[in-house]
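Chain by chain, the residues run as shown.
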Amino acid sequence: MNRSIFLVGPMGAGKSTIGRLLAAQLQLPFADTDKVLEERTGADIPWIFDVEGEAGFRRRESEVLEELCLGPHQVIGTGGGIVLLEENRRLLQKFGHVIYLQAGVEQLLERTSKNSNRPLLRVPNPRARIEEILQERAPLYREVADVICDTDDLTPKQASALVAERLMESLSQ
Ligand SMILES: Nc1ncnc2c1ncn2[C@@H]1O[C@H](COP(=O)(O)OP(=O)(O)OP(=O)(O)O)[C@@H](O)[C@H]1O
Ligand SMILES: O=C(O)C1=C[C@@H](O)[C@@H](O)[C@H](O)C1
Ligand SMILES: [Mg+2]
């Protein structure tokens, strides 16, 4: 693997879960931009959003992405909003193979309802918020993706196997 593998997609797509499994399968290290950002700041994501707003969070997220791009090749789970900034989209494309994990609104809603650590979904109508996010970001996820995988009917293990297969196909073309 001569570049890192980035997983992009909306909240609940499985970037962290599938990313970890994929890394084990490919015998590569795994990093998660959200986790690295929390480690660097010593604060959790909801706290950063509260204190610095989304703009502050995005600034920190870009710094983390830049740092990871310059580090060793690995599997990298990204934050769902990483594609919002053009500079991030350029970095993803330049430094990685990019996998877009897709899932429908029902799945995203169910998977993200298990905890409340996503500030953008702390709203009265999370379904409407997810629909809005998909509308805004789907074209951006597609813009950066080398490979698109639908995870709707797959377990994380099945999704990881599918991603590995599609990635190999894409690399051999
Ligand atoms: N394919 C899947 N099938 C069933 N459950 C899944 C699947 N992928 C992820 N999950 C579950 O959904 C939840 C959210 O997954 P995960 O945290 O990996 O999403 P994410 O894309 O990293 O989201 P975020 O952008 O918020 O970091 C977890 O509880 C995970 O176990
Ligand atoms: O989709 C998003 O904008 C986010 C997704 C999460 O991974 C975190 O990066 C944060 O909760 C914001
Ligand atoms: Mg995640």
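Residues numbered from 1 in each chain as written. Chains lettered and ligands numbered in written order. Predicted model: local features only at pLDDT ≥ 70, side-chain atom pairs only at ≥ 80, totals over all residues.

Participant: Mind showing me how you'd approach the packing of helix H3 (residues 45-69) against helix H4 (residues 86-95) here?
Facilitator: Each pair of packed helices gets described by two things: the angle between the helix axes and the distance between those axes. It is the contact of H3 with H4, at a shortest axis distance of 10 Å, that shows an interaxial angle of 15°. In terms of axis orientation, H3 runs roughly parallel to H4. Handedness of the crossing formed by H3 with H4: left-handed. Side by side, H3 and H4 meet where Ser 62, Leu 65, Glu 66 and Cys 69 of the first sit next to Glu 87, Asn 88, Leu 91 and Phe 95 of the second. Grouping the constituent residues of the contact of H3 with H4 by class yields four nonpolar, two polar and two charged. (Axes fitted to C-alpha atoms, helices over the stretch in contact; angles between N-to-C directions. Helix = DSSP H or I, 4+ residues; strand = E, 2+ residues; numbered from the N terminus. Parallel < 35°, antiparallel > 145°, perpendicular 65-115°, else oblique. Left-handed = near helix turned anticlockwise from the far one by under 90°. Contact = placed C-beta atoms within 7 Å. Nonpolar A, V, L, I, M, F, W, Y, C, P; charged D, E, K, R; others polar.)

Participant: Can you walk me through the site of ligand 1 in this structure?
Facilitator: Near ligand 1 lie 21 residues; those nearest to it are Gly 14, Ser 16, Thr 17, Gly 80 and Arg 111. Those elements that provide at least two residues to the shell around ligand 1 are helix H1 (15-26) and helix H7 (156-172). Looking at which element gives the most residues to the shell around ligand 1, the answer is H1, with four residues. Here the residues of the shell around ligand 1 are counted per class, giving six nonpolar, 10 polar and five charged. (Near = placed C-beta within 6 Å.)

Participant: Would you take a moment to explain helix H2 (residues 33-41) for this structure?
Facilitator: Residues that lie three or four places apart on an α-helix share one face, since the helix turns once every 3.6 residues. Those residues of H2 not exposed but buried are Thr 33, Asp 34 and Leu 37. Projected onto a plane normal to the axis of H2, the buried residues spread over an arc of 100° and lie on a single side. (Buried ≥ 20, exposed ≤ 12 C-beta atoms within 10 Å, placed from the backbone. Arc of directions from axis to C-beta.)

Participant: Can you walk me through the site of ligand 2 in this structure?
Facilitator: What surrounds ligand 2 is the set Met 11, Asp 34, Ile 45, Gly 79, Gly 80, Gly 81, Arg 118, Pro 119 and Leu 120. The class makeup of the residues in the shell around ligand 2 is four nonpolar, three polar and two charged.

Participant: Would you explain helix H6 (residues 126-144) in this entry?
Facilitator: End to end, H6 covers 26 Å across 19 residues, agreeing with the expected 27 Å (1.5 Å per residue, within 8%). Arg 137 marks the point of greatest bend in H6, at about 45°, and the proline Pro 139 comes within the next four residues. Among the residues of H6, Ile 130, Tyr 141 and Val 144 are the ones counted as buried. Residues of H6 that are buried in the fold lie against strand E1 (4-8), H4, strand E4 (96-102) and helix H5 (105-112). (Expected span 1.5 Å × (residues − 1). Bend = angle between axes of the 7 residues up to and from the residue.)

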